[in-house]
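Residue-level listing of the chains:
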Amino acid sequence: MKKIAILLVCFLLVIGIMPKSVSADVDSDMVLLSETITYIDESTYYIERIYVPEVCPYSNTRMGTKTIQCVYGGNVIFTLSVTGQFTYDGRTARATSASGGVTVHVAGASLNSKNAYTSGASAIGSCSVSYVGVTLNKTVTLTCDANGNLS
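Residues numbered from 1 in each chain as written. Predicted model: local features only at pLDDT ≥ 70, side-chain atom pairs only at ≥ 80, totals over all residues. Heavy atoms only, no water.

This next bit is on the packing of aromatic side chains. Working definition: an aromatic ring pair is given by the centre-to-centre distance plus the angle between the planes. Using the criterion set out here, one finds two aromatic pairs in the structure. Between the aromatic rings of tyrosine 39 and tyrosine 45, the centroid separation amounts to 5.2 Å while the plane-to-plane angle is 40°, which identifies the pairing as tilted. When its relative accessible area of 56% is taken as the criterion, tyrosine 39 is described as exposed. For tyrosine 45, a relative accessible area of 21% puts it in the partly exposed group. Residues tyrosine 72 and tyrosine 131 carry aromatic rings whose centres are separated by 6.3 Å and whose planes lie at 80° to one another, so their mutual orientation is edge-to-face. On the criterion of sequence distance, the pair formed by tyrosine 72 in strand E3 (residues 61–72) and tyrosine 131 in strand E7 (residues 122–131) is long-range, its members being 59 residues apart. According to the relative accessible area criterion, tyrosine 131 is buried, its value standing at 15%. (Phe/Tyr/Trp six-rings, centres within 6.5 Å; stacked < 30°, edge-to-face > 60°. Buried < 20%, exposed > 50% of the residue type's maximum accessible area, 1.4 Å probe, protein only. Helix = DSSP H or I, 4+ residues; strand = E, 2+ residues; numbered from the N terminus.)

Turning next to the sheet that holds strand E5 (residues 93–104). Strand pairing within a sheet occurs via backbone hydrogen bonds; the two strands may be parallel or antiparallel. The strand order across the open sheet built from five strands is E1-E2-E3-E4-E5, with neighbouring strands paired in antiparallel fashion. In this open sheet, the two strands that pair with only one neighbour each are strand E1 (30–39) and E5. Across the sheet, the mean angle from the axis of one strand to that of its neighbour is 20°, orientation sign disregarded. (Pairing = 2+ DSSP bridges. Axes fitted to C-alpha atoms, helices over the stretch in contact; angles between N-to-C directions.)

With that settled, consider the pattern of salt bridges. Going through the model one piece at a time under the given rule, you end up with three salt bridges. Of the charged contacts, one joins lysine 66 and glutamate 48 as a salt bridge, the two residues approaching to 3.6 Å between their closest N and O atoms. With lysine 66 in strand E3 and glutamate 48 in strand E2 (residues 44–53), this pair connects stretches of sequence that are 18 residues apart. (Salt bridge = Lys/Arg side-chain N within 4 Å of Asp/Glu carboxyl O.)

On to the nonpolar core. Residues Ile77, Phe78, Leu80, Phe86 and Leu150 are the most contacted members of the largest nonpolar core, which totals 23 residues. Broken down by secondary-structure element, the contributors of at least two residues to this core are E2, E3, strand E4 (75–88), E5, E7 and strand E8 (134–143). With six residues, E4 is the largest single contributor of residues to this core. Other than its neighbours up to four places away in sequence, leucine 80 contacts Lys66, Thr67, Ile68, Gly101, Val102, Gly125, Ser126, Cys127, Lys138, Thr139 and Val140. (Core = buried A, V, L, I, M, F, W, Y, C linked by side-chain atoms within 4.5 Å. Contact = heavy atoms within 4.5 Å.)

The next point concerns a nonpolar patch on the surface. Taken together, the side chains of Tyr72, Val132 and Val134 make up a nonpolar region of the molecular surface, amounting to roughly 280 Å² of accessible area. When you line up the elements, valine 134 lands in strand E8. (Patch = residues over 30% accessible without salt bridge, like charges linked within 9 Å, V, L, I, M, F, W, Y side chains within 5 Å. Areas by Shrake-Rupley, 256 points an atom, 1.4 Å probe, with all protein chains shown as cover.)

Pairing in this open sheet of three strands is antiparallel, and the strands run E6-E7-E8 from one edge to the other. Looking at strand neighbours, the two that pair on one side only are strand E6 (110–119) and E8, the edges of this open sheet. Adjacent strand axes in the sheet meet at a mean angle of 10° when their direction is disregarded. Bridge analysis of E6 against E7 gives nine bridges, and the strand direction is antiparallel. Bridging across to E7, serine 110 finds its partner in serine 130.

This part covers the pairing of E5. Bridge count for E4 against E5 is 11 bridges, and the pairing is antiparallel. Within E5, the position partnered with glutamine 85 by the bridge is serine 97. Where E4 hands over to E5, the hairpin turn is made up of four residues, of which glycine 90 adopts a positive phi near 95°.

Okay, here's the thing in structure tokens:
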């Protein structure tokens, strides 16, 4: 009995210290699926990440969040995210809901507008942010294929 208790305590300690790849703009029960960096020029780039739940209890449904951060001059200006719910059956996929959010990270930047909607098998979020006299319009699209893969 003592050995079982010790094993259980060790197991709980290991699980408690396992690292999770999570952005501050995403729920803590989400894990990083992919990350892409796109350079516009030397000082401007976008970091695009896809997060999925650690556990998905339902079959033929998929949920995920795609975020995109705009980095200018070494500062994150804003983060745009879209969270989508999808159904799929091996032949087709469909987005059933979309919700979006925008976080402005620097003083002097202002949010002009934001929107989230579904189109076919995609959840789409968009925003317009003004910063240093420039209006930045950005769209992020999370798509599910017929097998439940997100991109």
